[in-house]
Amino acid sequence: MTILNLNHAFGPASVGILGATTGPRSPGGIALQNLTASFGGDIAHLDGAEPDGAAALPELVVIADVASVSPQTINTLGTGGTRTAVLLPDLDLDRAAKRALLEAARPHVLRLIGTGTIGVIAPYANLNASYAQLMPPAGDLALITQSNAIVTAVIDWAAPRGIGFSGIIGLGDRLDVDTSDMLDFFASDIHTRAILLQVDEIRERRKFLSAARAAARAKPVLIIKGRGNEEQGSHRGSHASVLATSDAVEDTAFSRAGLLRVNDLEEMFSAAATLSRARPFRGDRVTLISNSETVARLAADKLTRLGAPRVQTAFTGSDAVPSAYSEALAAALDDTDTDAVLVLNAPSAFVDETAVAQAIADTTAERRGKVWPAKPVFASLIGGASAESGRDLLDQKGVAGFRTPDSAVRGIMHLVSYQRRLDQLMRTPESLPDGFEPDFHAAETLLAKALTDGSDWLSASAAADLITAYGIPVAACLFAATPDAAAHAADTLLADHDAVVVKISGKSARHKTDIGGVRLELPSADAARIAARDLLARAEALGLSDGVDGITVHPMIRRARARELILGVTDDPTYGPTMVFGQGGIAVELVADKALALPPLDLTLAHDMIAATRIAGQLDAFRGAPAADKDAIALALVKLSQLAADHPSVREIDINPLLANADGIIALDVRVRIAKETRSDRHGVNPRFAIRPYPKQWEQTLTLKDGSEVLARPVRPEDEALYEDFFEDVTREDMRLRFFTPTPNLSHKFLARLTQIDYGRAMAFMALKPEDGSLLGVVRIHADADHRRGEYAILLRSSLKGLGLGWTLMKLIIDYARIDGLEEIYGEVLAENRTMLAMCRSLGFAVVRDHDDSALMHVSFDLTADEDAD
């Protein structure tokens, strides 16, 4: 379940309480008082652990006593018509007891909030079904929290500031309703402009990130989550896993989902104040207005450090009168090189702070609606009691006011960060180079053999073969069981190289440098033999012989002005496979210069990883060294991402070092950890991926009724470029039938929504001309938040009608929806679109006229029916 019936928690027609007999200062007693004080309708007092189910029961019921939290009570409530139950008691239920409650609720689609929840507050419905101490006013912030204490703290903080809420929910034990459900609910709530989210743990990573990405596309989502104290990777085997601490991976996941993470309650309150007063804005150019050059300079420095690229200041003079602020603010708002304005007022004996606040508020109001795009105004009246009345006035006038310049700067940067992340969600990445065709079967055969042999780490030669199968250049790796075999391998390599490298091999040699297990610059076969003998003797002396199986011999690779890098994949226990990039070499863990990303990667995300590291600067040309080939590095990251997507048994990959210079890249050492994957995904992708990767398995050739063939595949982000030519061959009439307007706004933002697919919630298949890859038609489906029903849409080139392409694409999306687990496909079709309606009827869709609009027909297809029927 997801958002089904949650509307009854935030706008019920009827409310009841069960078991509120434990005293006025108990949770149940306080909840009853709050309900009585807030809800305008009758409140049903349901007696006993099992209310009478014969009569209709309220849509929302608050359960206050322990005895009533039982499968029998839940079943009775569901039978009587209750759609949401708030379970206040804090119970330590075992798995069987939780399952029994859920099974009692499921037939009635009765949603359970809790157990151990503080309750639900819905100001727009005048509903306080909680034991919180205050009823906040209606506003546009939603609060979702797993902590009851956070509810009371936020309400206490917001009350004196007049900050209102669209809804507040304490999730408690999340027996049924969880964080992802509420993100979906508030993402589509018309009263909610921004979401405050507190989490202690995330149970279903794919569901959470999918909901978070969907919500962040619609409105800012602010998240606070405690940070762990885990030691860096001490329990894991690869350099990549040491660098990818749980906190670092979580930061990466939140950023990929478009969430804004704050570190403490103070920062959360500051951000909440910002979101309640100012809307997100495009750009990051800030103008500072102040009566103090020192204060302005300090604020400008902090803005620059936090990422604002251009900050300009306007000094009004230490004795500036309110009109000076008005003039400077009006000029800044009219300045086309300004995106936001921050007004700072330091205490002065010559100026009344309240008058300054009034000038700021009046000018902001006067320019509102006259300046486009809209530019938010932030203000900080610095000082204690003397500035308090001015700050109160700013609050009343809806200006984002702050006590200190630092908090104002953080507020501005929260909005800047949100817009940047929204742009990242909506942008169009570069295309992958043509011709990248990994040898999937060679890699799978290699991995299957290693798993059958019981290996958990691939041999050095197998690891090299694995990444070679995915097109990543790697130095040759020859295995030798004896010193004589090492000499023979060296002789082979010395035909093309002037020296070789010998390394110890085996499970005891994962960190070869740590045990002195590497010999470099060996110019002859005899030198290789001696080095191999020394390494094996050293392993025996260290008691490592049982974990050593021999020697590997490699060519000595010399690359002029090469930089040493690390590329890798690690497996986070919460978010699954995680990409790692950074400065490599033997000191990789000490330097800890790294960037992380959740796969799947495209080239844009890969370049972002590179740019986020300190070594990125050294990859550019400097001191006579030409720039390293960043495109080759980025492509290697994308290839590793694809490898992890294709082969769930791969758990860790370490490429360290990877040498990179102007001539390209080459891996010198590769380690790979594997483990059998017992879970499966209904679409055949890596089940541990937190974000569903590109579903390559759905690529196929379709045959039309005239015998011609088209290539069909899922849409990719880089496909935006295909739409320009496509829409030129779609008539205005066909546009109107598809979009209900003959001239849809074909902006980048619109096209990005067509191509930026969250494969966990939506799918779009493109039909492409085999000869040139041009776009012929698109069919798409978008599942609702409950993943039960999906709305379809289809559009073809107008010149291709009559070839059966529409029929073929519709059959494809029906097949996909059935495998995806949907129960129904539906759509809205204009009644005059006879061609579409005829095709729907022939495919088995039910077609009925819309009750509210006679110009629309509602079409639906039951996916639960016998497949042979369609």
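Analysis parameters
- Residues numbered from 1 in each chain as written.
- Predicted model: local features only at pLDDT ≥ 70, side-chain atom pairs only at ≥ 80, totals over all residues.
- Heavy atoms only, no water.
- Pairing = 2+ DSSP bridges.
- Helix = DSSP H or I, 4+ residues; strand = E, 2+ residues; numbered from the N terminus.
- Axes fitted to C-alpha atoms, helices over the stretch in contact; angles between N-to-C directions.
- Parallel < 35°, antiparallel > 145°, perpendicular 65-115°, else oblique.
- Left-handed = near helix turned anticlockwise from the far one by under 90°.
- Contact = heavy atoms within 4.5 Å.
- Salt bridge = Lys/Arg side-chain N within 4 Å of Asp/Glu carboxyl O.
- pLDDT = per-residue confidence, 0-100.
- Phe/Tyr/Trp six-rings, centres within 6.5 Å; stacked < 30°, edge-to-face > 60°.
- Lys NZ or Arg CZ within 6 Å of the ring centre and 35° of its normal.

The subject of this paragraph is the sheet that holds strand E15 (residues 340-345). Ordered by their spatial adjacency, 5 strands build an open sheet running E14-E13-E15-E16-E17, and the pairing between neighbours is parallel. Whereas interior strands pair on both sides, the edge strands pair on one side only; in this sheet they are strand E14 (310-315) and strand E17 (400-402). Adjacent strand axes in the sheet meet at a mean angle of 20°, parallel and antiparallel pairs treated alike. Where E15 lies against strand E16 (residues 377-381), 5 bridges are found, and the strand directions are parallel. Paired with Val343 across the bridge in E16 is Ala379.

Right, let's get into the packing of helix H16 (residues 440-452) against helix H17 (residues 460-469). Each pair of packed helices can be described by the angle between their axes along with the distance between the axes. Close contact between H16 and H17 brings their axes to 8 Å; oriented N to C, the two are set at 155°. By the angle between their directions, the pair H16 and H17 is classed as roughly antiparallel. Crossing handedness for the pair H16 and H17: left-handed. Mapping the contact onto sequence places Ala443, Leu446 and Leu447 in H16 and Ala462, Asp465, Leu466 and Ala469 in H17.

For side chains of opposite charge, pairing can occur when their charged atoms come near one another. Inspection of the entire model under this criterion finds 45 salt bridges. Between Asp498 and Arg558 there is a salt bridge, with its nearest N and O atoms 2.6 Å apart. Within this pair, whereas Asp498 is found in the loop between helix H18 (483-493) and strand E19 (500-505), its partner Arg558 is found in the loop between strand E21 (550-555) and strand E22 (563-572), the two being separated by 60 residues in sequence.

Another point: the sheet that holds strand E33 (residues 824-830). In space, the 8 strands of this open sheet follow the order E28-E29-E30-E31-E32-E33-E35-E34, with mixed pairing throughout. Of all strands in the sheet, those with a lone pairing partner are strand E28 (700-703) and strand E34 (846-849), marking the two edges. With direction set aside, neighbouring strand axes in the sheet form an average angle of 25°. Its contacts with the sheet put helix H25 (residues 732-739) on strand E31 (775-783), strand E32 (789-796) and E33, and the angle it makes with E32 is roughly 180°.

When pLDDT is averaged along the chain, the result is 89; 95% of the residues meet or exceed 70. When mean pLDDT is taken per element in the chain, strand E6 (residues 119-122) scores highest with 98 and helix H26 (residues 748-755) scores lowest with 75. In the predicted structure, residues 231-235 sits below a pLDDT of 50 and forms 6 contacts with residues beyond four places in sequence or in another chain.

On inspection of all chains with the given rule, the structure shows 15 aromatic pairs. Ring plane angle 90° and centroid distance 6.0 Å describe the contact between Tyr723 and Phe726, whose orientation is recorded as edge-to-face. Of this pair, Tyr723 and Phe726 both sit in helix H24 (residues 722-728), 3 residues apart, which is roughly one turn of the helix. With centroids separated by 5.2 Å and ring planes inclined at 50°, the aromatic side chains of Phe845 and Phe861 adopt a geometry described as tilted. Residue Phe845 is located in the loop between helix H28 (834-843) and E34, and its partner Phe861 is located in strand E35 (residues 856-862); the two are separated by 16 residues in the primary sequence. Members of the aromatic cluster, connected to one another through ring pairs, are Tyr723, Phe726, Phe727 and Phe739. When the ring centre of Tyr826 is taken as reference, the NZ or CZ atom of Arg789 above it lies at 4.0 Å.

Leaving glycine out, the prevailing phi sign among residues is negative, and the prevailing peptide bond configuration is trans. Looking along the chain, the bond that leaves Pro599 and enters Pro600 is cis, with omega of 5°. For Pro600, the location among the structural elements is in the loop between strand E24 (594-597) and helix H21 (603-611). Residues Asn656 and Pro657 are joined by a peptide bond in cis, for which omega reads 5°. Checked against the element boundaries, Pro657 lands in strand E25 (residues 650-661). The backbone of Arg561 sits at a positive phi, close to 55°, despite the residue not being glycine.

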